[in-house]
Protein chains: 2
Amino acid sequence: MAKITIIGAGAMGSAFTKPLADNGNDVRLWGTHLDDFIIDAVKAGKNHPKHNFPLPPSVKAFYHQELNLALQGTDIIIMAITSDALGDVFESIVPYLKSDMIIGSVTKGFNYNKDNKIVLLPEILSERLPTELKNSLDFVFVAGPCKAIEVLWGVPTAVTYASTNINAANKLRQLAQTNVYNINTTDDVIGTEICAAMKNAYCVGLGMAEGFPKQKDGFLHKNTKGALFTYAVAEMGILSQALGGTLGPVLGLPGIGDLELTGEAGRNRTLGEAIGTGLSASQAILKMKENDITVEGYPAIKFGYYIMKELESNHRLDSKDMPLLTGLYHILYEDASGYENIKKLVTLCTAGNNPL
Amino acid sequence: MAKITIIGAGAMGSAFTKPLADNGNDVRLWGTHLDDFIIDAVKAGKNHPKHNFPLPPSVKAFYHQELNLALQGTDIIIMAITSDALGDVFESIVPYLKSDMIIGSVTKGFNYNKDNKIVLLPEILSERLPTELKNSLDFVFVAGPCKAIEVLWGVPTAVTYASTNINAANKLRQLAQTNVYNINTTDDVIGTEICAAMKNAYCVGLGMAEGFPKQKDGFLHKNTKGALFTYAVAEMGILSQALGGTLGPVLGLPGIGDLELTGEAGRNRTLGEAIGTGLSASQAILKMKENDITVEGYPAIKFGYYIMKELESNHRLDSKDMPLLTGLYHILYEDASGYENIKKLVTLCTAGNNPL
């Protein structure tokens, strides 16, 4: 049992209350200034508005202005904030941090660090730590095939907790593991986070294969999707290793597992499908913006592409071994034809040296 | 250019005419005694009855009794026969074999060899070779995410050709590679064939996750499916390595790629779905038999389980590292509960040592 404060009352933060509360932890859910309507509902014992499903009754909810109260005596903090706001919100938490705390994070993606360099989220957090806490606090990152609503429903789920201090990952596992929410641990934070971020990017490509029938006489393109899926895993492996990570998470829940889940449905796939039907990326993005839909895979393709280029300039990889990401960048950011390019990419990827 | 005879005019054999004919090879399609209606249609220039789509016009079709004609002067023979009939049909081909021929095979699965031992299909073929041809003929096995009809349609596709003689695989690649039918090659026949056979088995498990909503308040189980997918890949890796293969094909098109494709739709998934809704395996199998539907994954689970047990008795693996296949066997052959067992399996798999 521990006192655990979740920062952010959106879909994933709220769902994470379920295994933690089921295990008898003292779980506090804090909402940002955008989450007031959620906190209202949870305090009133109503369904969570984003899930249309109740949180465990023992969960205590806190408004934006109650941060102090939410963090009182807490042992563990879980960051559940969108990737673009993660740094700012974490800064407001920093004054409450103490040594020996564990900071979990369910946020996934890339962002710019304070030097305006594209980095994975662990760096967004760690660069904000005061010097005296740099070596006395541990971060644990959560990844894997895990739709928030299914965690709340109690559906059998398996995720990976990654920390450079495996003991911290194991401690959080002990507090969160139930008979349906299953956790394995790894010390490969880089591999875990590259998958968490890049699976959205590659999923846009998988979505295109789902859209192709609309411009090709109704012909399904499941062969194409299977090929793209395989090469996406291979390229996540190249990126992970070039950044100093391993293949472990790529071939585990954060990579293979989450790519499978993400390819089944969702906004990344929807964007790809729109391009697959024959729209240019500009048209498809515009359409999604008009419907107020943000797609994580879209910036992830750009961020991933830039990171690949930087790694190449440092001789850590050869972008020729990553035709899929390169092609997705051309399609998504230069309006290159979806169909003709995916066709070429399958050829390029198959001719290449699959490093696995 | 080569003279190539395809043995078996079913879905995959017939579709394979497409890239071979597009490359200008002399392609002959021979039908078994069950294929007369297909050969009738092809000879008449009509649509292939199984695909409702025409074969390339240059393909020459041959009836069962025209085997001699079909094999006259041929350089390459492609076996495209169901796994249970493969050995018998190959025996009728043996008299026509000459040294330096390449024998390709698109058949996948297990069968009993002449000593009544369960083996992968390469052994079914090689044990029938006369001694004088044992070292002068090469076999090439085809695997990967490849629905036959999509090959015929010309959909971008990528497959793996495996041969213990990589030159033979490369030669067949040269004859078959087009701008949409893409091929890579490997010398790991075991890894390739274990994936080709076992992906059907594991797909039954993936199907269960698709059926669970029907017995669980409509709750999707995509998290469960993503976890099962990951562990299926891991277990195919264990089997491949225990049999003397590598991880290469497992992490490539025959493993990850074909599992992704197979999990999307098809009879293996349908069987799993039926069990997922709450039927016992006996009930689900009976229902499929009544509809005259055979499911490759059903025997593959048994064959795979027996091979695992044999490998364990030879200290080549520990079946505790393969809870998913073990659990699938219990569900499919001992009518163990689908839901309760899959739930336990996800826990067991996650707690285990993922060898990847």
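The structure we're discussing is the one just above.
Residues numbered from 1 in each chain as written. Chains lettered and ligands numbered in written order. Predicted model: local features only at pLDDT ≥ 70, side-chain atom pairs only at ≥ 80, totals over all residues. Heavy atoms only, no water.

### Some words on the side chain of B:Ser105
Residue and element names in this part refer to chain B. Among the secondary structure elements, Ser105 is positioned in strand 5 (residues 102–105). Looking at Ser105, the relative accessible area reads 1%, which means it is buried. In contact with Ser105, other than residues within four places in its own chain, are Met79, Leu125, Val140, Phe141 and Val142. (Helix = DSSP H or I, 4+ residues; strand = E, 2+ residues; numbered from the N terminus. Buried < 20%, exposed > 50% of the residue type's maximum accessible area, 1.4 Å probe, protein only. Contact = heavy atoms within 4.5 Å.)

### A word on the relation of the copies chain B and chain A
Placing chain B over chain A gives an RMSD of 0.0 Å and needs a rotation angle of 180°, together with 0.0 Å of translation along the axis. Classification of the inter-copy transformation places it as that of a two-fold axis. Both copies share a contact surface, since 100% of the interface residues of chain B are interface residues in chain A too. (Least-squares fit on C-alpha atoms with pLDDT ≥ 70 in both.)

### Describing the sheet that holds strand 8 (residues 138–143) of chain A
All names here are of chain A. One open sheet accounts for eight strands, arranged 3-2-1-4-5-8-9-10; its pairing is mixed. Each having just a single partner strand, strand 3 (60–62) and strand 10 (181–186) make up the two edges of the open sheet. Adjacent strand axes in the sheet meet at a mean angle of 25° when their direction is disregarded. Inspection of the sheet shows strand 2 (residues 26–30) paired to strand 3 by three bridges, in the parallel sense. From the neighbouring strand, Leu29 faces strand 3, where its bridge partner is Ala61. Here helix 2 (residues 36–43) sits on the sheet and contacts strand 2 and strand 3; the angle it forms with strand 3, its principal contact strand, is near 150°. Relative to the sheet, helix 4 (residues 86–93) contacts strand 1 (3–7), strand 2, strand 4 (76–79), strand 5 (102–105) and strand 8, its axis offset from that of strand 4 by approximately 160°. (Pairing = 2+ DSSP bridges. Axes fitted to C-alpha atoms, helices over the stretch in contact; angles between N-to-C directions.)

### As for the pattern of salt bridges
Between side chains of opposite charge, pairing is possible as soon as their charged atoms come close. One pass over the structure, following the stated rule, counts 34 salt bridges over all chains. Two residues, A:Lys222 and A:Glu210, come together in a salt bridge whose shortest N-O distance is 3.1 Å. With A:Lys222 in helix 9 (residues 222–242) and A:Glu210 in helix 8 (residues 189–211), the pair connects residues that are twelve residues apart, well separated along the chain. The burial state of A:Lys222 is the same as that of A:Glu210; both residues are buried. Put simply, A:Glu210, A:Lys222, A:Lys225, A:Arg269, A:Glu273, B:Glu260 and B:Glu264 are held in one network by salt bridges that share partners. (Salt bridge = Lys/Arg side-chain N within 4 Å of Asp/Glu carboxyl O.)

### What to know about the pairing of strand 4 (residues 76–79) of chain B
For a regular strand, side-chain orientation follows a simple rule: the groups alternate between the two sheet faces. All names here are of chain B. Of the two faces of strand 4, the one holding Ile76 and Ile78 and the one holding Ile77 and Met79 are both buried throughout. Strand direction decides the pairing type here: strand 1 (residues 3–7) and strand 4, joined by four bridges, are parallel. Counterpart to Ile4 in the pairing with strand 4 is Ile76. Relative to strand 5, strand 4 runs parallel, the two being bridged by four bridges. Bridging from a neighbouring strand, Ile76 pairs with Ile102 of strand 5. This β-α-β element, strand 4 to helix 4 (residues 86–93) to strand 5, shows right-handed connectivity. (Right-handed = clockwise from strand over helix to strand, strands pointing away.)

### Side note on empty space enclosed by the protein
Over the atoms, a rolled probe matching the size of one water molecule traces out where space is still vacant. Per the stated rule, a full pass over the model turns up five cavities of 30 Å³ or more. Lining of the largest cavity is provided by A:Met12, A:Phe16, A:Val106, A:Lys108, A:Val142, A:Ala143, A:Gly144, A:Cys146, A:Val151 and A:Tyr181. Every element with two or more residues in the lining of the largest cavity is listed here: helix 1 (11–22) and strand 8 of chain A. For the lining of the largest cavity, the residue count by class is eight nonpolar, one polar and one charged. If you add up the space inside the second largest cavity, you get close to 80 Å³. In terms of lining residues, the second largest cavity is bounded by B:Met12, B:Phe16, B:Val106, B:Lys108, B:Val142, B:Ala143, B:Gly144, B:Cys146, B:Val151, B:Val159 and B:Tyr181. (1 Å grid on protein atoms, 1.4 Å probe; cavity = no way out; pocket = protein on both sides within 12 Å on 5 of 7 lines; lining within 4 Å. Points joined across faces, edges and corners; volume = space filled by probe spheres on them. Nonpolar A, V, L, I, M, F, W, Y, C, P; charged D, E, K, R; others polar.)

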